[in-house]
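# Architecture and fold: a report
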Amino acid sequence: MKYVTIIMLLSALITANSATADAADMAKTCAACHGANGIASNSQWPNLAGQNKDYLIAQLQAFRDGSRVDPLMSPSAKSLSDQDIAALATHYASLQPAVNTAPAKLNLAGMNIRARCVSCHGMEGKPVNSQWPNINGQQQAYLAKQLTAFRDGSRHSEIMKVIVKGFSDQQIADVAEYYSQIPR
Ligand code: HEC
Ligand code: HEC
């Protein structure tokens, strides 16, 4: 009896100690799409560097349980344990966000729409609540794709559904471009 308890304690300790190394190792399987530094090479795919940890955990759980679906992303989340998810979220939240070079011209139409976003996403696209996503410095095509998905219901959020209801494609394109131009 005692012997089994000691083994269990030891294996728990080993798991805890190797969590950081494991996260960097696991992240290698994500790098093909999210980049080695959490900056995606394709504008359709999200940057993860500097994203809020609790938000990352919630999204990875959603991909794992199927409440959020994407043909490219879902397979990567299916076999993750709760510990894997926590370690990966800590890893990506700690990475240095993308450095945006100042855009030639801010999208002013998008900036005008910002008034409808700041109560949750903050003045600069950085919310105070870590359960909510930073949207500043995010990939432009990815932002537009998410807003469209909230509008057509293919991505579920009771809150965001209400926000984008009635948005035109042009308004989505403008606000997506604006936030992609604001440095994280
Ligand atoms: C084959 C490409 C691919 C791989 C590999 C991949 N992802 Fe993704 N990931 C995506 C795409 C594409 C999306 C956006 C899906 C959408 O449009 O809703 C995404 C979305 C996400 C999101 C949600 C981001 C947000 O802002 O809501 C997280 C978190 C994430 N991936 C983490 C990971 C982690 C961690 C791994 C490795 C275990 C990984 N991904 C592997 C393609 C990939
Ligand atoms: C009342 C609060 C609230 C307001 C206002 C709001 N959002 Fe959100 N937003 C959220 C929450 C909460 C989520 C996370 C949804 C989820 O869990 O999938 C989110 C998610 C998003 C995402 C997905 C980010 C990612 O990484 O996938 C985008 C893009 C976004 N919001 C853009 C906007 C824009 C643009 C506006 C203004 C037009 C706006 N939001 C207004 C609360 C809000």
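Just above, that's the structure.
Residues numbered from 1 in each chain as written. Chains lettered and ligands numbered in written order. Predicted model: local features only at pLDDT ≥ 70, side-chain atom pairs only at ≥ 80, totals over all residues. Heavy atoms only, no water.

### Concerning the coordination of the iron atom of ligand 2
Bound to the iron atom of ligand 2 are the protein donor atoms H121 (NE2) and M160 (SD), situated 2.0 to 2.2 Å from the metal. Geometry at the iron atom of ligand 2 is octahedral, judged from its six donor atoms and the angles of 85 to 179 degrees they form at the metal. One end of the pair, H121, is in helix 8 (residues 118–121); the other, M160, is in helix 10 (residues 158–164), and 39 residues separate them in sequence. Take H121 and M160: they sit in the same class, and that class is buried. (Donors = N, O, S within 2.8 Å, 3.2 Å for Na, K, Ca; no water. Tetrahedral: all angles 85-135°; square planar, octahedral: opposite > 155°, others 65-115°. Helix = DSSP H or I, 4+ residues; strand = E, 2+ residues; numbered from the N terminus. Buried < 20%, exposed > 50% of the residue type's maximum accessible area, 1.4 Å probe, protein only.)

### Some points on the coordination of the iron atom of ligand 1
Each protein donor to the iron atom of ligand 1 is listed here as H34 (NE2) and M73 (SD); together their distances run 2.0 to 2.1 Å. Angles of 87 to 178 degrees at the metal separate the six donor atoms of the iron atom of ligand 1, which places the site in the octahedral class. Taken together, the residues span a long stretch of sequence, with H34 in helix 3 (residues 31–34) and M73 in the loop between helix 4 (53–65) and helix 5 (74–77) at a distance of 39 residues.

### Things to note about the site of ligand 1
Lining the immediate environment of ligand 1, one finds 22 residues, of which C30, C33, H34, M73 and K145 sit closest. At 3.0 Å from an oxygen atom of ligand 1 is found a side-chain nitrogen or oxygen belonging to Y142. Take Q146: an N or O atom from its side chain is 2.9 Å from an oxygen atom of ligand 1. Of all elements in the fold, only helix 3, helix 4, helix 6 (82–94) and helix 9 (140–152) reach the threshold of two or more residues within the shell around ligand 1. Each residue belonging to the shell around ligand 1 can be placed in one class, and the counts come to 14 nonpolar, five polar and three charged. Of the residues that make up the shell around ligand 1, three or more belong to each of domain 1 (18–29 + 46–96) and domain 2 (107–184). (Near = heavy atom within 4 Å. Polar contact = N/O pair within 3.5 Å; in protein donor to acceptor, adjacent residues only side chain to side chain. Nonpolar A, V, L, I, M, F, W, Y, C, P; charged D, E, K, R; others polar. Domains from an automatic or database assignment.)

### Re the pattern of salt bridges
Per the stated rule, a full pass over the model turns up five salt bridges. Close ionic contact of R151 with D169 constitutes a salt bridge, the shortest N to O distance being 2.6 Å. Separated by 18 residues along the polypeptide, R151 in helix 9 and D169 in helix 11 (residues 169–181) bring together distant segments of the chain. Using a relative accessible area of 55% as the deciding quantity, one classes D169 as exposed. (Salt bridge = Lys/Arg side-chain N within 4 Å of Asp/Glu carboxyl O.)

### Remarks on the environment of L72
Tracing the sequence through the fold places L72 in the loop between helix 4 and helix 5. Exposure remark for L72: the relative accessible area of 55% places this residue in the exposed category. L72 sits 39 residues away from C33 along the chain, and the two C-alpha atoms are 9.0 Å apart.

### Here we look at the site of ligand 2
The full set close to ligand 2 counts 22 residues, and C117, C120, H121, Y142 and M160 are the nearest of them. One nitrogen or oxygen atom from the side chain of R155 is found 2.8 Å from an oxygen atom belonging to ligand 2. At the level of secondary structure, the elements contributing two or more residues to the shell around ligand 2 comprise helix 4, helix 8, helix 9 and helix 10. With five residues, helix 9 is the largest single contributor of residues to the shell around ligand 2.

### Focus on a nonpolar patch on the surface
The grouping of L106, L108 and M111 at the surface amounts to a nonpolar patch, some 240 Å² of accessible area in total. As for its placement among the helices and strands, L108 is situated in helix 7 (residues 108–113). (Patch = residues over 30% accessible without salt bridge, like charges linked within 9 Å, V, L, I, M, F, W, Y side chains within 5 Å. Areas by Shrake-Rupley, 256 points an atom, 1.4 Å probe, with all protein chains shown as cover.)

From the geometry alone we can't say anything about function, so treat these as descriptive.
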